[in-house]
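# A closer look at the structure
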Amino acid sequence: MLDISELSRLSGFSASKLRYYEDVGLIRSVGRRGLKRLYENEVKARISLIALARTAGFSLLEIKEMIGTDGTPNLERNVLVAKADALDATIKELTSLRDGLRHIVKCTAENHMDCPRFQRIMRVALTKKKTAAKAHRNRPSND
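Residues numbered from 1 in each chain as written. Predicted model: local features only at pLDDT ≥ 70, side-chain atom pairs only at ≥ 80, totals over all residues. Heavy atoms only, no water.

Orientation of helix α5 (residues 77-106) relative to helix α6 (residues 116-138), taken along the N-to-C sense of each, is 145°, at an axis distance of 10 Å. When the axes of α5 and α6 are compared, the crossing they make is left-handed. Packed against α5, whose contacting residues are Glu-93, Leu-97, Asp-99, Gly-100, His-103 and Ile-104, the element α6 presents Arg-117, Phe-118, Ile-121 and Lys-128 at the interface. Here the contact of α5 with α6 is composed, by residue class, of four nonpolar, two polar and four charged. (Axes fitted to C-alpha atoms, helices over the stretch in contact; angles between N-to-C directions. Helix = DSSP H or I, 4+ residues; strand = E, 2+ residues; numbered from the N terminus. Left-handed = near helix turned anticlockwise from the far one by under 90°. Contact = heavy atoms within 4.5 Å. Nonpolar A, V, L, I, M, F, W, Y, C, P; charged D, E, K, R; others polar.)

The next subject is the packing of aromatic side chains. Tallying each qualifying case throughout the model produces two aromatic pairs. Between Phe-13 and Tyr-21, the ring centres sit 5.5 Å apart and the planes meet at 70°, which makes this aromatic pair edge-to-face. Residue Phe-13 shares its accessibility class with Tyr-21, and that shared class is buried. Residue class for Tyr-21 comes out buried when judged on its relative accessible area of 2%. What links up through ring pairs into an aromatic cluster is the set Phe-13, Tyr-20 and Tyr-21. In this structure, Lys-83 is placed above the aromatic ring of Phe-58, and the distance from its NZ or CZ to the ring centre is 4.9 Å. (Phe/Tyr/Trp six-rings, centres within 6.5 Å; stacked < 30°, edge-to-face > 60°. Buried < 20%, exposed > 50% of the residue type's maximum accessible area, 1.4 Å probe, protein only. Lys NZ or Arg CZ within 6 Å of the ring centre and 35° of its normal.)

Next up on the list: α5. In this model α5 runs 43 Å from its N-terminal to its C-terminal C-alpha over 30 residues, within 8% of the 44 Å that 1.5 Å per residue would give. Among the residues of α5, those classed as buried are Lys-83, Gly-100 and Ile-104. Those residues of α5 that are buried are in contact with α3 (43-56), α4 (60-67) and α6. (Expected span 1.5 Å × (residues − 1).)

Take a nonpolar patch on the surface next. Taken together, the side chains of Leu-94, Leu-97 and Leu-101 define a hydrophobic patch exposed on the protein surface, amounting to about 290 Å² of accessible area. Relative to the elements of secondary structure, Leu-97 occurs in helix α5. (Patch = residues over 30% accessible without salt bridge, like charges linked within 9 Å, V, L, I, M, F, W, Y side chains within 5 Å. Areas by Shrake-Rupley, 256 points an atom, 1.4 Å probe, with all protein chains shown as cover. Salt bridge = Lys/Arg side-chain N within 4 Å of Asp/Glu carboxyl O.)

In structure tokens, the structure reads:
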């Protein structure tokens with residue numbers, strides 16, 4: 001058994017984050033020692049899976065669906081493939097942005113605003129910002 005402070009120390013998650021994860025059903029305490037919540041040792045694996053999924057960009061709702069409430073993860077391959085594809089798209093976008101920034105640093109134009117590539121980078125950034133804002137407005141909140 002681990003109390004919440006031990007789990008916090010081992011996982012790197014704050015006690016408040018662990019309490020929140022319990023409140024939303026991602027982890028479950030099994031009792032108390034004084035005022036401290038107690039967790040079975042298996043919760044470390046769930047916390048690791050939560051950390052990995054958050055790093056990959058999954059929402060808490062998606063994670064809850066993946067790890068369930070019974071402690072047996074249900075990692076659907078099609079969901080993982082879709083997230084991997086989304087990460088590939090993000091990597092491609094960030095790589096392009098990085099390359100554009102490196103071009104700007106080396107650009108021989110007297111003013112960056114006169115550089116056609118810089119102009120294109122700014123247009124793409126604005127278009128992506130508008131698209132992301134629209135998608136955010138149309139997306140149900142699950143975090």
